[in-house]
Amino acid sequence: MTAAAHTRAEREANLRSAFDQREHERQAVAAHYEHSPEIFSLVLDSRLAYATGVYEHAGEDLETAQARKYARIAAKLDIRPGQRVLDVGCGWGSNLLYLAQHSEGVFQGITLSAQQREEALRRARAWGVADRVQIDVCHVEDLKLRPESFDAVLFSGSIVHMHNRPAVHEMVGELLKPGGRVLISDCYFPVQPRGDRDSAATEYIFVEALGYCRLIGLAEELQLMERAGLDILHVEDLTRHYAQTLAHWIDNVRKHRKTIDAMAPGFAAVLQQYMTVARMSFARRTALEYMILATKGAPTVDPGAWPIAQKGGRS
Ligand SMILES: C[S@@+](CC[C@H](N)C(=O)[O-])C[C@H]1O[C@@H](n2cnc3c(N)ncnc32)[C@H](O)[C@@H]1O
């Protein structure tokens, strides 16, 4: 079935075969992340989270907000010794390595970028967790994994790049053991359009800067998850937090503009422009950011005895 299209990026995706769209994502999306990790280390926090932090107040710094987010994700996923975790779109290993350092789980990450894989593995070795970490360059739809072989699956800032959402959720439904957890932290469009989704600014972010993005409505994502056999446990609005995170990133791009341009001519302008549009979109809530937690079937823990909103709230 052809997906409803809100933007030029999605209309073009609908004209491609499933195979061609996968190849398009593989190349167009990877291009952004293949820039040197050194550049991103000038802009992001020290663990290189390319996703929102969680703030307690507007004056808080990026490092503190990202530390709180790692702790919150760790609390929500609640990884027990020996449990297997898949991080789909693991970037430079921000969450995956934090979880590896703060649990006794076993971790598999995938990314579209060889540079990201190399940097994440370098960090895994430096931080003494390489024996429990595997990272591959792989498109999510190419994963060949045994059914019911994972206890938790994480998508942080990555599902937005994936056009074929039903296939992604079906895969998660198959991969998870009964009671296993899935956590998504990503961007959505409000159901009632606010502003012009087909604007040149949106196209700049979705096509020029980030290769391919598809924002759907939160309810549509939740429905796809439920159809795949997942029980929604918790949804948290992080929209203001993303506007705040982007403000920090933009400051850092401005501060390091010359150094970034020396490494990749023109890339500082790309970052500053797309981040400025994104920050405005979250500030005006024309785009929204949510963190979703679900389990496969009934949860194996009692959510009533599991104060997830507070647990992990502190860094
Ligand atoms: C915004 S970054 C987020 C990185 C990391 N999860 C974090 O929170 O810091 C998006 C990541 O998703 C990966 N990605 C995007 N589409 C993907 C796909 N179809 N299959 C696998 N990885 C994908 C990119 O390579 C990149 O690592």
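Scope of this entry: the structure provided in the associated data block. The structure presented is a predicted model; accordingly, all values stated were derived computationally and were not measured.

### Describing the site of the ligand
Line of reasoning, step 1. In the vicinity of the ligand there are 24 residues, among which Gly89, Gly91, Ser156, Gly157 and Ser158 approach most closely.
Line of reasoning, step 2. Of all the elements in the fold, those that place two or more residues in the shell around the ligand are α2 (18-33), α5 (94-101) and β2 (106-111).
Line of reasoning, step 3. In terms of residue count, the dominant contributor to the shell around the ligand is α2 (3 residues).
Line of reasoning, step 4. Across the shell around the ligand, the residue classes break down as 11 nonpolar, 12 polar and 1 charged.

### Let's talk about helix α1 (residues 8-15)
Line of reasoning, step 1. When α1 is considered as a whole, its buried residues turn out to be Ala9, Glu10 and Ala13. Summarising the axial view, the buried residues of α1 lie within an arc of 95°, below the 170-degree limit, and thus occupy one face. Pointing more than 90 degrees away from the buried face of α1 are the exposed residues Arg11 and Leu15.
Line of reasoning, step 2. Packing partners of the buried residues in α1 comprise α2 and α8 (200-209).

### Digging into the nonpolar core
Line of reasoning, step 1. Counting 86 residues, the largest nonpolar core has Val153 and Leu183 as the members making the most contacts within it.
Line of reasoning, step 2. Leaving out residues up to four positions away in the same chain, Leu183 has contacts with Ile73, Lys76, Leu77, Leu154, Met291, Ile292 and Leu293.

Conventions used here
- Residues numbered from 1 in each chain as written.
- Predicted model: local features only at pLDDT ≥ 70, side-chain atom pairs only at ≥ 80, totals over all residues.
- Near = placed C-beta within 6 Å.
- Helix = DSSP H or I, 4+ residues; strand = E, 2+ residues; numbered from the N terminus.
- Nonpolar A, V, L, I, M, F, W, Y, C, P; charged D, E, K, R; others polar.
- Buried ≥ 20, exposed ≤ 12 C-beta atoms within 10 Å, placed from the backbone.
- Arc of directions from axis to C-beta.
- Contact = placed C-beta atoms within 7 Å.
- Core = buried A, V, L, I, M, F, W, Y, C linked by C-beta atoms within 7 Å.

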